[in-house]
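Structural description and commentary
The primary structure of each chain is shown beneath.
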Amino acid sequence: MEVEGQDMASIRRDTDEPRKFDLPVDSEHKATEFRVLSTAAPHMRAFHLSWVSFFSCFVSTFAAPPLLPIIRDNLNLTATDIGNAGIASVSGAVFARIAMGTACDLFGPRLASASLILITAPAVYFTSIASSPISFLLLRFCTGFSIATFVSTQFWMSSMFSGPVVGTANGVAGGWGNLGGGATQLIMPLVFGVIRDIGAIKFTAWRIAFFIPALFQTLAAFAVLIFGQDLPDGNFSGLQNSGDKQKDEFSRVFYHGATNYRGWILALTYGYCFGVELTVDNIIAEYFYDRFNLELHTAGMIAASFGLANIVSRPAGGMISDITAKRFGMRGRLWALWVMQTLGGVFCVILGQVGSLTASIIVMIIFSMFVQAACGLTFGVVPFVSRRSLGVISGMTGGGGNVGAVLTQLIFFKGSKYSKETGISLMGVMIICCTLPIMLIYFPQWGGMFCGPSKNITTEEDYYLSEWNSKEKQKDFHQSSLKFADNSRSERGRSRVNTTTIPPNQV
């Protein structure tokens with residue numbers, strides 16, 4: 001597929017227009033720099049709103065595990081009940097994440113994210129009146145839908161930041177959001193302790209404590225609605241009404257996402273980095289509490305260190321993805337992902353084998369760094385799989401994370417079939433095995449882990465414009481993909497980025 005000289009000229013003119021943003025931008029008005037301490041609208045404001053709202057959802061979803069030693073006594077929960085509730089907390093988001101991706105493609109990340117957060121907030125409030133194992137399970141199931149906001153977070157960052165920094169933006173936003181899974185291990189025991197010290201009995205204190213994450217989640221949703229913006233140039237609805245953005249068809253968006261095999265492979269591999277992270281968030285506090293006979297607060301602090309590692313590990317994964325891409329292109333991103341995730345699996349196996357408290361803590365932290373970095377590296381690849389169906393691909397990948405968490409907990413941590421230490425080691429073996437399919441990912445314009453680009457001259461335009469038919473191109477629906485293709489040349493790597501030019505006057 002060739003590109004008209006007139007189309008390419010329009011792209012060049014876009015970059016020559018006076019900049020109307022606080023950050024430098026490309027032809028799509030995506031920021032080409034990532035300034036984490038800035039609150040500049042719309043790019044950095046979207047960043048901060050996305051990670052804070054996602055953080056609030058993680059705090060709510062995993063507010064129960066650090067208080068399980070108290071909750072299980074109050075509600076008479078068995079080991080099976082606890083395992084089922086943990087599975088329920090992550091299973092609801094499987095389909096919610098796919099739906100969220102499609103909603104982002106059609107309605108924009110701002111409205112999609114805020115709506116889901118507000119819909120799930122009541123479940124957090126109602127956890128305070130849970131009275132049986134069944135009600136506890138159902139409320140954790142409903143609350144877990146909220147972490148589908150991860151998809152809107154990654155979609156939002158991919159819509160606001162250009163290729164050279166999109167891995168970093170996705171990594172930091174996702175990592176700081178996931179930080180909620182560690183922060184809640186500290187927050188909930190602390191809030192519980194304060195309420196109990198004020199005078200409430202322990203079976204009342206844990207219930208009152210749930211109002212804190214519920215209120216936080218509600219406020220985050222309103223902040224996204226009031227201060228957020230879908231795209232650099234405005235919100236979806238406004239741009240569609242003005243004719244600056246075409247309203248896409250659900251069937252075509254879903255088709256091009258679902259038929260791209262790269263998305264399915266990333267969904268599988270993400271199931272054993274992020275899915276493992278969700279699993280550990282559910283089991284780790286109870287594991288240290290029971291195996292090493294620790295105090296509740298002490299077990300919570302140790303467990304928190306796993307999630308808190310996200311403050312550096314997942315962002316580091318995104319940065320590594322961008323750095324390797326500058327030198328080696330997409331092939332560098334794929335190699336870095338495979339290496340990091342495989343090493344995460346190795347340390348997970350070791351974690352289940354060590355028997356001392358100190359060694360377990362050290363290995364757990366190393367394991368967390370690698371497996372969380374792999375999450376960041378995954379979403380350094382995702383934005384380039386499809387331009388038209390970015391939300392669907394993001395949703396498929398994110399949903400794969402939840403599927404991995406559900407399967408892992410069902411196989412290794414439900415009931416008493418395996419001890420938790422044995423389950424952890426077997427989980428590590430699964431990570432190593434399920435990371436291998438990364439080797440099958442191949443982009444004809446850039447290559448894969450072991451093969452270079454196609455010998456047939458294939459450009460970024462060929463790849464991304466293949467998602468549009470001739471009638472859609474005649475109506476100029478493909479212009480955003482054309483600009484994205486032009487901006488994606490950096491994925492060729494340093495040695496090839498300037499070696500291929502676009503012949504003029506091609507159609």
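Below is a short write-up of the structure. This one's a predicted model, so the numbers in the text were calculated from it and none came from an experiment.

The next thing to look at is the overall build of the chain. If you tally the helices and strands in the chain, you get 23 helices and 2 strands. Here the C-alpha radius of gyration of the chain, 23 Å, is about what a compact globule of 507 residues would show, namely 23 Å. Within the chain, buried positions represent 60% of all 507 residues. When contacts within the chain are restricted to residue pairs at least 6 apart in sequence, those whose partners lie at least 24 apart make up 79%. On the chain, roughly 19100 Å² of surface is accessible, and the fraction owed to carbon and sulfur atoms is 64%.

V276, L278, F288 and F367 are the most contacted members of the largest nonpolar core, which has 87 residues in total. Apart from residues no more than four positions distant in its own chain, V276 is found in contact with G271, F367, V371, M427 and I431. Counting residues in hydrophobic clusters, the runner-up holds 25 residues, among them V124, W206, A209 and L296.

How two helices sit against one another is set out by the angle between their axes and by the gap between those axes. Where helix α14 (residues 274–291) meets helix α15 (residues 296–308), the closest approach of the two axes is 8 Å, and the angle between their N-to-C directions is 150°. What the angle tells us is that α14 and α15 run roughly antiparallel. Considering only the axes of α14 and α15, their crossing is right-handed. Listed contacts from α15 to E277, V280, D281, I284, A285, F288 and Y289 of α14 are L296, A299, I302, A303 and F306. Each residue belonging to the contact of α14 with α15 can be placed in one class, and the counts come to 10 nonpolar, no polar and 2 charged.

Below, the discussion takes up unusual backbone geometry. Going from A41 to P42, the amide bond is cis rather than trans, its omega being 0°. Following the sequence through the fold, P42 ends up in the loop between α1 (5–16) and α2 (43–61). Phi angles above zero are rare outside glycine, and N76 is one such case at about 55°. By secondary structure assignment, the location of N76 is in the loop between α3 (68–75) and α4 (79–107). Backbone geometry at N293 places phi at a positive 50°, although glycine is not the residue there. Residue placement: N293 occurs in the loop between α14 and α15.

Before going further, it helps to spend a moment on the environment of M157. The residue M157 is located in helix α7 (residues 149–160) in this model. The sequence separation of M157 and L67 amounts to 90 residues, and the corresponding C-alpha distance is 33 Å. Non-local contacts of M157, meaning those with residues more than four positions away in its chain, are made with A46, F47, S50, V166, A169, N170 and A173.

The subject of this paragraph is the pattern of salt bridges. Within this structure, the stated rule accounts for 18 salt bridges. In this structure, R196 engages D197 in a salt bridge whose closest nitrogen and oxygen atoms are separated by 3.9 Å. Note on D197: relative accessible area 63%, which makes it exposed. In this structure, a network of salt bridges that share partners links the residues D248, E249, R252, R388 and E472.

This part covers the side chain of E467. Position of E467 relative to the elements: it lies in the loop between α21 (460–465) and α22 (470–474). R388 provides the closest opposite charge to the buried, salt-bridge-free E467, at an N-O distance of 6.4 Å. There is a polar contact of 2.5 Å between the side chain of E467 and the side chain of S386. With residues near it in sequence (within four places) discarded, E467 still touches H256, S386, R387, R388 and E472.

On the surface, a cluster of nonpolar side chains totalling about 310 Å² of accessible area is made up of I311, V312, I365 and M369. Looking at where V312 falls in the secondary structure, it is placed in the loop between α15 and α16 (313–328). Taking relative accessible area as the criterion, V312 reaches 46% and is therefore assigned partly exposed.

Once that is clear, we can look at helix α5 (residues 109–126). With 18 residues, α5 extends 27 Å from end C-alpha to end C-alpha; this agrees with the ideal 26 Å at 1.5 Å per step. Of all bends in α5, the biggest is about 25°, found at T120, and the proline P122 comes one to four residues later. Among the residues making up α5, those that are buried are P109, R110, A112, S113, A114, L116, I117, T120, A121, A123 and V124. Considering only its buried residues, α5 is in contact with α2, α4, α6 (133–144), α7, α10 (211–227) and α11 (236–242).

Taking 1.5 Å per residue as the helical rise, α6 with its 12 residues ought to reach 16 Å, and the 16 Å between its terminal C-alpha atoms agrees with that figure. Those residues of α6 that fall on the buried side of the exposure criterion are F136, L139, R140, T143 and G144. Down the axis of α6, the sector holding all buried residues measures 135°, keeping them to one side. If you follow the buried residues of α6, they end up packed against α2, α3, α4, α5 and α14.

It is at 11 Å that the axes of α4 and α14 come closest, and there the two elements cross at 155°. The angle between the axes of α4 and α14 places the two elements in the roughly antiparallel class. In the crossing of α4 with α14, the sense of the turn from one axis to the other is right-handed. In contact with I82, G86, S89, V90 and R97 of α4, α14 contributes F274, L278, N282 and E286. The residue inventory of the contact of α4 with α14, partitioned by class, reads 4 nonpolar, 3 polar and 2 charged.

Turning our eyes to something else, we now look at the side chain of R388. Position of R388 among the secondary structure elements: in the loop between α18 (357–381) and α19 (390–413). Within polar-contact distance, the side chain of R388 engages the side chain of D248 at 2.8 Å. A polar side-chain atom of R388 sits 2.7 Å from the main-chain carbonyl oxygen of E467. The contacts of R388, once residues within four sequence positions are left out, are D105, D248, R252, V253, H256, E467, W468 and E472.

About the cut-offs
- Residues numbered from 1 in each chain as written.
- Predicted model: local features only at pLDDT ≥ 70, side-chain atom pairs only at ≥ 80, totals over all residues.
- Heavy atoms only, no water.
- Helix = DSSP H or I, 4+ residues; strand = E, 2+ residues; numbered from the N terminus.
- Rg over C-alpha atoms; globule rule 2.2 N^0.38 Å.
- Buried < 20%, exposed > 50% of the residue type's maximum accessible area, 1.4 Å probe, protein only.
- Contact = heavy atoms within 4.5 Å.
- Areas by Shrake-Rupley, 256 points an atom, 1.4 Å probe, with all protein chains shown as cover.
- Core = buried A, V, L, I, M, F, W, Y, C linked by side-chain atoms within 4.5 Å.
- Axes fitted to C-alpha atoms, helices over the stretch in contact; angles between N-to-C directions.
- Parallel < 35°, antiparallel > 145°, perpendicular 65-115°, else oblique.
- Left-handed = near helix turned anticlockwise from the far one by under 90°.
- Nonpolar A, V, L, I, M, F, W, Y, C, P; charged D, E, K, R; others polar.
- Salt bridge = Lys/Arg side-chain N within 4 Å of Asp/Glu carboxyl O.
- Lys, Arg positive; Asp, Glu negative; His and termini not counted.
- Polar contact = N/O pair within 3.5 Å; in protein donor to acceptor, adjacent residues only side chain to side chain.
- Patch = residues over 30% accessible without salt bridge, like charges linked within 9 Å, V, L, I, M, F, W, Y side chains within 5 Å.
- Expected span 1.5 Å × (residues − 1).
- Bend = angle between axes of the 7 residues up to and from the residue.
- Arc of directions from axis to C-beta.

Keep in mind these numbers describe shape, not what the thing actually does.
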